[in-house]
Amino acid sequence: MRTHIVWDWNGTLFHDMEAVLGASNAAFATVGLDPLSLQEYRELYEIPIPRFYQRLLGRVPSQAEWEALDDAFHDRYRELSPDCGLTTGVPDLLNGWLARPGRSQSLLSMYEHERLVPVVDAFGLTDRFLRVDGRTGASGGRKAGFLAAHLTALGPDLEPARTVLIGDAVDDAQAALESGIHAVLYTGGSHTREKLEVVGVPVVDSLAEAVAVAEELTG
């Protein structure tokens, strides 16, 4: 009986919120929006991303505005993210999970696949995961479809009742629930605890606690 964790990357294993905030504020400037503080960002952020921009603008962004926002975000994120590191304790957590019999893990991110893979590899983590999957196609959407494809690719012996997604966003939990697996949400990323608790899944303040709760959920 295998117990499996699907890890999120941005805001979960990869502590990149300063880069995300800087990139977001660069994007906001393209449509005349004032910069946000980290707390304001975490209180307002939501997925799909166009809905987040709609909330800030008070209207639906035009196609040209959406493209400018998206381009500015990714350009600035690529400049800032190399200065970011792993969340505290990540290597030991990943190694510790694999050291136990019947444990496996994979990585699923909405960061562009071709950019994600070399970053994960540069941290020396690739061999800790059965799969490393990033987003293909347009940015800004939901994770549910990507998670369903990721779980299918992991193979038929993966049991939903013994599989947990650990992430930092409401969308992570919603995707997990739609795929029939467990979810644990971590408060160190894109959302405030108050926003995460609305979903009704366990919410934790450290990744070590997330792993402990994942073990409890899977029996």
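Preceding this section is the structure that the text describes.
Here the structure is a predicted model, which is why all the values come from computation and not from measurement.

Quick notes on the pairing of strand β7 (residues 182–186)
Next, step 1: Most of β7 sits inside the fold, with four of its five residues counted as buried.
Next, step 2: A crossover links strand β6 (residues 163–167) with its parallel partner β7, the connecting element being helix α8 (residues 170–178), and its sense is right-handed.
Next, step 3: Pairing of β7 with strand β8 (residues 203–204), which is carried by two bridges, proceeds in the parallel orientation. Residue Tyr186 lies in a different strand from β8, and its bridge partner there is Val204.

Digging into the packing of aromatic side chains
Next, step 1: This model, assessed by the stated rule, comprises twelve aromatic pairs.
Next, step 2: Their ring planes at 65° and their centres at 6.0 Å tell us that Phe28 and Phe52 sit as a pair that is edge-to-face. Here Phe52 lies in helix α3 (residues 49–57) and Phe28 lies in helix α1 (residues 17–29), a separation of 24 residues in the sequence.
Next, step 3: Taking the relative accessible area as the measure of exposure, Phe28 reaches 1% and is therefore buried.
Next, step 4: Considering the side-chain rings of Tyr77 and Tyr111, the 5.5 Å spacing of their centres and the 70° angle between planes classify their relative orientation as edge-to-face. In this pair, Tyr77 is assigned in helix α4 (residues 63–80) and Tyr111 in strand β4 (residues 103–112), connecting sequence segments 34 residues apart.
Next, step 5: A relative accessible area of 4% means that Tyr77 is categorised as buried.

A short note on α4
Next, step 1: With 18 residues, α4 extends 26 Å from end C-alpha to end C-alpha; this agrees with the ideal 26 Å at 1.5 Å per step.
Next, step 2: Among all positions of α4, only Glu65, Trp66, Leu69, Asp70, Ala72, Phe73, His74 and Tyr77 are buried.
Next, step 3: Tucked into the core, α4 has its buried residues touching β2 (14–15), α1, α3, β4 and β5 (132–135).

A short note on the side chain of Lys195
Next, step 1: With respect to the secondary-structure elements, Lys195 resides in helix α9 (residues 193–197).
Next, step 2: Buried within the structure, Lys195 lacks any salt-bridge partner; Glu46 is the closest side chain of opposite charge, at an N-O distance of 6.5 Å.
Next, step 3: At 2.3 Å, the side chain of Lys195 and the backbone oxygen of Tyr45 are in polar contact.
Next, step 4: Each residue touching Lys195, except ones within four places of it in the same chain, is listed here: Arg42, Glu43, Leu44, Tyr45, Glu46 and Val170.

Thoughts on the environment of Thr218
Next, step 1: With respect to the secondary-structure elements, Thr218 resides in the segment after α10 (207–217).
Next, step 2: Along the primary structure Thr218 and Ala161 are separated by 57 residues, whereas in three dimensions their C-alpha atoms are 6.3 Å apart.
Next, step 3: Residues within four places of Thr218 in sequence aside, it is in contact with Thr3, Ala161, Arg162, Thr163, Val164 and His182.
Next, step 4: A distance of 3.0 Å separates the side chain of Thr218 from the backbone oxygen of Ala214, its partner in a polar contact.
Next, step 5: A distance of 3.3 Å separates a polar side-chain atom of Thr218 from the backbone oxygen of Glu215.

Overview of the pattern of salt bridges
Next, step 1: Applying the stated criterion across every chain, the model contains 17 salt bridges.
Next, step 2: The residue Arg59 makes a salt bridge to Glu65 at a minimum N-O spacing of 2.8 Å.
Next, step 3: In this structure Glu65 comes out as buried when scored by relative accessible area, which is 19%.
Next, step 4: Here Glu112 makes a salt bridge to Arg115, at a shortest N to O gap of 3.4 Å.
Next, step 5: Each of Asp8, Lys143 and Asp172 takes part in one network of salt bridges that share partners.

Reading the values: rules and limits
- Residues numbered from 1 in each chain as written.
- Predicted model: local features only at pLDDT ≥ 70, side-chain atom pairs only at ≥ 80, totals over all residues.
- Heavy atoms only, no water.
- Buried < 20%, exposed > 50% of the residue type's maximum accessible area, 1.4 Å probe, protein only.
- Helix = DSSP H or I, 4+ residues; strand = E, 2+ residues; numbered from the N terminus.
- Right-handed = clockwise from strand over helix to strand, strands pointing away.
- Pairing = 2+ DSSP bridges.
- Phe/Tyr/Trp six-rings, centres within 6.5 Å; stacked < 30°, edge-to-face > 60°.
- Expected span 1.5 Å × (residues − 1).
- Contact = heavy atoms within 4.5 Å.
- Lys, Arg positive; Asp, Glu negative; His and termini not counted.
- Salt bridge = Lys/Arg side-chain N within 4 Å of Asp/Glu carboxyl O.
- Polar contact = N/O pair within 3.5 Å; in protein donor to acceptor, adjacent residues only side chain to side chain.

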